[in-house]
Amino acid sequence: DAKTTQPTSMDCAEGRAANLPCNHSTISGNEYVYWYRQIHSQGPQYIIHGLKNNETNEMASLIITEDRKSSTLILPHATLRDTAVYYCIVREFSGNTPLVFGKGTRLSVIA
Amino acid sequence: DTAVSQTPKYLVTQMGNDKSIKCEQNLGHDTMYWYKQDSKKFLKIMFSYNNKELIINETVPNRFSPKSPDKAHLNLHINSLELGDSAVYFCASSRDREQPQHFGDGTRLSIL
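How each quantity is defined
- Residues numbered from 1 in each chain as written.
- Chains lettered and ligands numbered in written order.
- Predicted model: local features only at pLDDT ≥ 70, side-chain atom pairs only at ≥ 80, totals over all residues.
- Heavy atoms only, no water.
- Helix = DSSP H or I, 4+ residues; strand = E, 2+ residues; numbered from the N terminus.
- Rg over C-alpha atoms; globule rule 2.2 N^0.38 Å.
- Buried < 20%, exposed > 50% of the residue type's maximum accessible area, 1.4 Å probe, protein only.
- Areas by Shrake-Rupley, 256 points an atom, 1.4 Å probe, with all protein chains shown as cover.
- Lys, Arg positive; Asp, Glu negative; His and termini not counted.
- Charge placed at Lys NZ, Arg CZ, Asp CG, Glu CD.

Caption draft 1: Region of interest: the overall build of chain B. When you go through chain B residue by residue, the secondary structure sums to zero helices and eleven strands. In chain B, the succession of helices and strands from N to C terminus is β-β-β-β-β-β-β-β-β-β-β. Computed over the C-alpha atoms, the radius of gyration of chain B is 13 Å, within 12% of the 13 Å expected from 2.2 N^0.38 for a compact globule of 112 residues. Considering chain B as a whole, with its 112 residues, one finds that 44% of them fall into the buried category. Per element, the accessible surface of chain B, about 5,700 Å² overall, is 46% carbon and sulfur. Averaging the coordinates of the 14 positive side-chain charges in chain B and doing the same for the 13 negative ones gives two points 5 Å apart.

Written out as structure tokens, the structure is:
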């Protein structure tokens, strides 16, 4: 079972920042937070991951609270092509544990 | 150039048949995976191979048999297809077991 809780859906105006929350209150010390997204009819796409520090790459920023029990994925300037289901996943970095996808958040970017 | 490619993209077949789905990655990755996404859109891991060796085998009927002839390929063979096997099957790869995974665009399997 997924160890994360996400809102079912969210809307965001095009050009605005999209902030997608995720709760992972039972996260353990050796588990990372990963974000993937799935655009309609495509395979999931890796976005970003982090342990406890905030992370930023060309796609998004990941803000993890100090107690690590929740995080927020930020898409700084959402476009229509960012409309997708976004999955927040916690996983050990050991590699022997699989990615467990939950229901995710369906983000709709509106013109 | 497609990083993770699956063939066929669509597969329509009758119950009881045997079929294979092929997956190839040109990223030089060591680890490959098969996932199943059912009609309710839940995405679940089926198998994982690292350097051609099976490392993850979730609870999957033994009608499903993955085969890895080399590090770049992980094929999925399914015997005696059932209605419940209708789903989208995704192949993925990663540089090693810890790194992020790259997914193919899926094979849509429909059982008549």
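Caption draft 2: Spatial organisation of the overall build of chain A. From N to C terminus, chain A includes zero helices and nine strands. Secondary structure elements of chain A, listed N to C terminal, follow the sequence β-β-β-β-β-β-β-β-β. Relative to the 2.2 N^0.38 estimate, which gives 13 Å for 111 residues, the radius of gyration of chain A is 13 Å and therefore close to what a compact globule would have. The principal-axis extents of the C-alpha atoms in chain A amount to approximately 40 × 30 × 25 Å. A total of 111 residues make up chain A; the buried ones form 46% of that total.

Caption draft 3: Molecular detail of unusual backbone geometry. Cis geometry is found at the peptide bond from B:Thr7 to B:Pro8, where omega equals -5°. Its location among the elements puts B:Pro8 in the loop between β1 (4-7) and β2 (10-13). For A:Ser41, which is not glycine, the phi dihedral falls at a positive 70°. Counting through the fold element by element, A:Ser41 comes out in the loop between β3 (31-38) and β4 (45-50). Here A:Ser41 falls in the partly exposed class, since its relative accessible area comes to 42%. The residue B:Ser80 is not glycine, and still its phi comes out positive at about 45°.

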